[in-house]
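Here is how the chains run, residue by residue.
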Amino acid sequence: MNFNIKKTKLPGCFEIIPDKFEDKRGTLIKVFHKDIFLEKHLEVEFAEEYYSISDKDVLRGLHFQLPPKDQVKLVSCISGEVFDVVVDLRLGSPTYGVFETFHLSAKKASMVYIPKGLAHGFYVCKEPAIMLCKTSTVFSPEYDHGIHWSSLDIPWPNKTPKISEKDSKLPIFNQFNSPFHFTEEVL
Ligand SMILES: Cc1cn([C@H]2C[C@H](O)[C@@H](COP(=O)(O)OP(=O)(O)O[C@H]3O[C@@H](C)C(=O)[C@@H](O)[C@H]3O)O2)c(=O)[nH]c1=O
C-alpha cells in the first residue's frame, strides 16, 4: 500500500491520497502508516486523535494552538463532504497570509497534512460530516486560538454559516499578531 503525497502551494502542507482497497463488501482505507510517514519525512508522533460530527452549514475554525503547544494536524473527512481551508500564519514564509482550499469527502478519502503555523477550518457541504483529526501535541485550552473564518476573502460556499460563539469572537487575520515563524525544515 502507499500514499500519494501531493504538494500544495503552502510549504510543508500536503494533500495525502491513500490507496483504497475495494471489494464486493465495500472499501478499506488506511489513514496512517508510521514507516511510510517516516520515509516521507512526515510527523509520526501523534499525541491525540478525535473526531467531530457536524450538520450541514456548520463552519468550524479557523483554529491552531499557539507555541510552544503548536501542533501538526492530519485531518480527513470520513462521512459527508466538507470545504476545507488552511491559512499560512508563519512570518517569513513565502506564502504568509495565503490560503489553500480542499474538497474532502468520505468518498474521495484524501487527507490534509497541516504543519505547525497554519490555521485550519472547514465548512460542511454534506451532512453528517465526520472529521477525523490527529494532533502532534495534546489539546491545551490556554493555547487554543484562531482567526476569524471571514478573514482573507476565503471563498466559503456559504456567507452565513453556523458557527460557535467562541469562533465568532476570533480576531481577523489582519488583527492577529502571529507568533509563528517559517523554517526551511518543513520543505
Ligand atoms: C479540539 C478539542 C476540543 N475539546 C473540547 C473543548 C470544547 O469544550 C469542545 C469543543 O471544542 P471546539 O469548539 O474547539 O471544537 P472544534 O471547533 O471542532 O475544534 C476543532 O476545529 C477544527 C477546525 C480543527 O482544526 C481542530 O483541530 C479543532 O480545533 O471540545 C477538547 O477537549 N479537546 C480537543 O482536542
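Fair warning: this is a prediction, and the values are worked out from it, not measured in the lab.

## So, a nonpolar patch on the surface
- On the surface, Met 1, Phe 21 and Leu 28 cluster together to form a nonpolar patch covering roughly 270 Å² of accessible area.
- The exposure class of Phe 21 is partly exposed, given its relative accessible area of 39%.

## Some thoughts on the environment of Ala 47
- Inspection of the secondary structure puts Ala 47 in the loop between helix 1 (34-39) and strand 5 (48-54).
- Linking Ala 47 and Thr 137, residues 90 residues apart in sequence, is a C-alpha distance of 5.2 Å.
- With near-sequence residues (within four places) excluded, Ala 47 lies in contact with Thr 135, Ser 136, Thr 137 and Val 138.

## Digging into the site of the ligand
- The environment of the ligand is made up of Glu 48, Tyr 50, Arg 60, His 63, Lys 73, His 120, Gly 121, Phe 122, Cys 133, Phe 139 and Lys 166.
- At 2.8 Å from an oxygen atom of the ligand is found a side-chain nitrogen or oxygen belonging to Arg 60.
- One of the side-chain N or O atoms of Lys 166 is found 2.6 Å from an oxygen atom in the ligand.
- Bound to the protein, the ligand loses 65% of the 660 Å² it would expose on its own.
- With four residues, strand 10 (residues 118-135) is the largest single contributor of residues to the shell around the ligand.
- Tallied by class, residues from the shell around the ligand come to four nonpolar, three polar and four charged.

Criteria and cut-off values
Residues numbered from 1 in each chain as written. Predicted model: local features only at pLDDT ≥ 70, side-chain atom pairs only at ≥ 80, totals over all residues. Heavy atoms only, no water. Patch = residues over 30% accessible without salt bridge, like charges linked within 9 Å, V, L, I, M, F, W, Y side chains within 5 Å. Areas by Shrake-Rupley, 256 points an atom, 1.4 Å probe, with all protein chains shown as cover. Salt bridge = Lys/Arg side-chain N within 4 Å of Asp/Glu carboxyl O. Buried < 20%, exposed > 50% of the residue type's maximum accessible area, 1.4 Å probe, protein only. Helix = DSSP H or I, 4+ residues; strand = E, 2+ residues; numbered from the N terminus. Contact = heavy atoms within 4.5 Å. Near = heavy atom within 4 Å. Polar contact = N/O pair within 3.5 Å; in protein donor to acceptor, adjacent residues only side chain to side chain. Nonpolar A, V, L, I, M, F, W, Y, C, P; charged D, E, K, R; others polar.

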